[in-house]
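If you want the building blocks of each chain, they are given just below.
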Amino acid sequence: MHTKSFSYLDIMCYFGSAADGIFPTHYSSVNTVEDFYHISAFASLRQQHRIHHLLTLRQTHSIDGVTFTDKTIAQSYIPFSLPGDFLVTALTSFSIGVMTADCLPVIFYDPEHRVIAIAHAGWRGVVHGIIKQVITSLQHHYATRIDQLHVLLGPSARACCYRVGHEVIDAVEQTTHYNALHHRPEGVFFDLGMLVVLQLQELGVTQQNILQQHHVCTICNTSYCSYRRQGTASGRQISIVWLA
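Only a predicted model underlies this, so the values are computations on that prediction, with no experimental measurement involved.

A. Highlighting the overall build of the protein. Regarding its fold elements, the protein presents 9 helices and 14 strands. Over its C-alpha trace the protein gives a radius of gyration of 17 Å, about what one expects of a compact globule, namely 18 Å for 244 residues. Along the first, second and third principal axes, the C-alpha atoms of the protein reach 55 × 40 × 30 Å. Sequence separation of at least 24 residues holds for 67% of the intrachain contacts in the protein that already meet a minimum separation of 6. With 15 positive and 17 negative side-chain charges, the protein shows a separation of 6 Å between the mean positions of the two kinds.

B. View of the environment of V196. As for its position among the elements, V196 is in helix α8 (residues 192–203). The spatial distance from the C-alpha of V196 to the C-alpha of A180 is 9.3 Å, given a sequence separation of 16 residues. With sequence-adjacent residues up to four places away left out, V196 is seen in contact with L104, V126, I131 and L153.

C. Structural context of the sheet that holds strand β11 (residues 181–184). The strand order across the open sheet formed by 3 strands is β10-β12-β11, and the pairing between neighbours is antiparallel. With partners counted over all chains shown, the strands left at the sheet margins are β10 (163–164) and β11, one partner each. Where β11 meets strand β12 (residues 187–190), 4 bridges bridge the pair, whose relative direction is antiparallel. Bridge assignment links L181 to a residue of β12, and that residue is F190.

D. Spotlight on the pairing of strand β7 (residues 104–110). Extensive coverage of β7 is indicated by the burial of 7 of its 7 residues. Residue alternation in β7 divides its side chains into two sets, L104, V106, F108 and D110 and P105, I107 and Y109, and both sets are buried. Sheet topology note: the β7/strand β8 (residues 115–121) ladder contains 7 bridges and is antiparallel. The partner of F108 across the bridge, within β8, is A117. In the sheet, β7 pairs with strand β9 (residues 150–153) via 4 bridges, with the strands oriented antiparallel.

E. Seen up close, the side chain of R236. The residue R236 is located in the loop between α9 (227–230) and β14 (237–243) in this model. For R236, the side chain forms a polar contact with the side chain of S234, separated by 3.3 Å.

F. Seen up close, the pairing of β9. On β9, burial covers both faces: H150 and L152 on one face and V151 and L153 on the other are all buried. For β9 and strand β13 (residues 210–211), the ladder comprises 2 bridges, and the chain directions are parallel. By the bridge assignment, L152 is partnered in β13 with L211.

G. Summary view of the sheet that holds β14. Sheet architecture is open: 5 strands sit in the order β1-β2-β14-β6-β3, paired in mixed fashion. Bordering the open sheet on either side are β1 (6–8) and β3 (54–55), each of which pairs with just one other strand. Here helix α3 (residues 40–49) sits on the sheet and contacts β2 (11–15), β3, β6 (95–100) and β14; the angle it forms with β14, its principal contact strand, is near 35°.

H. Spotlight on α3. Looking at α3, one finds that the buried residues are A41, F42, L45, R46 and H49. One side of α3 holds all its buried residues, which, seen down the axis, span an arc of 130°. Turned more than 90 degrees away from the buried face of α3, the exposed residues are S40 and Q47. Contacts made by the buried residues of α3 are with β2, α1 (24–28), α2 (33–38), β3, β6 and β14. At the C-terminal side of α3, R50 shows a positive phi close to 55°.

I. Just the nonpolar core, in detail. Counting residues in each nonpolar core, the largest one holds 41 residues, and the members touching the most others are V106, F108, F190 and L200. Examining the composition of this core, we find that 6 residues originate from one element, helix α6 (residues 130–142), more than from any other.

J. Inspection of the pattern of salt bridges at higher detail. Taken as a whole and judged by the stated rule, the model has 2 salt bridges. Put simply, R114 and D10 hold a salt bridge, and the shortest N to O gap is 2.7 Å. One end of the pair, R114, is in the loop between β7 and β8; the other, D10, is in the loop between β1 and β2, and 104 residues separate them in sequence. The exposure class assigned to R114 is partly exposed, which follows from its relative accessible area of 28%.

Cut-offs and rules
Residues numbered from 1 in each chain as written. Predicted model: local features only at pLDDT ≥ 70, side-chain atom pairs only at ≥ 80, totals over all residues. Heavy atoms only, no water. Helix = DSSP H or I, 4+ residues; strand = E, 2+ residues; numbered from the N terminus. Rg over C-alpha atoms; globule rule 2.2 N^0.38 Å. Contact = heavy atoms within 4.5 Å. Lys, Arg positive; Asp, Glu negative; His and termini not counted. Charge placed at Lys NZ, Arg CZ, Asp CG, Glu CD. Pairing = 2+ DSSP bridges. Buried < 20%, exposed > 50% of the residue type's maximum accessible area, 1.4 Å probe, protein only. Polar contact = N/O pair within 3.5 Å; in protein donor to acceptor, adjacent residues only side chain to side chain. Axes fitted to C-alpha atoms, helices over the stretch in contact; angles between N-to-C directions. Arc of directions from axis to C-beta. Core = buried A, V, L, I, M, F, W, Y, C linked by side-chain atoms within 4.5 Å. Salt bridge = Lys/Arg side-chain N within 4 Å of Asp/Glu carboxyl O.

See below:
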């Protein structure tokens, strides 16, 4: 059973699960828009949630993204054809999405200018500044006011299970947000969501505009795909946002 989409203010959101049935091999088979829409997993989601145009990128754990402002370009865009880890648009009849399997999907909404964004935020992207980069793009293209911005966090690895090694520890410590690391007798555990929230607050997003009710752990909740739990056999869940 697929997860249900939900409304927030005047946008629609979908945080998927393993039931989406999406696997990395699907990405490599997409060469045209028609190819994408004929993959059964995506076709099912589009039909269930009445999504007409779904824009996705070839995710690379970067802090780069794409802003779609031209409807003609968006209509002809081939899914996964451009690299990047966040999308921004104010186009109606289009949705934007990211695929995750422990990384954090983050949805942004500026109700004043009716513009949406979504980010694929893994630990590399977060420590290198993807959250700030999304907000900078919103401000540059749409004059988004930070106090008007709303942010929703989706399912990802959480501190209850997300044990990390020296590479992640060193990178997180360089952000100076040491409380995103939890030291226990069995090792060091990383709170990815907490680091994102701390960065958002540091940038000026108000606490009441940060929604975390959908931020469940993908490692210990087996209804989600988890690279940490399943390894290379893991699928992907998709997160999508569109203007209602």
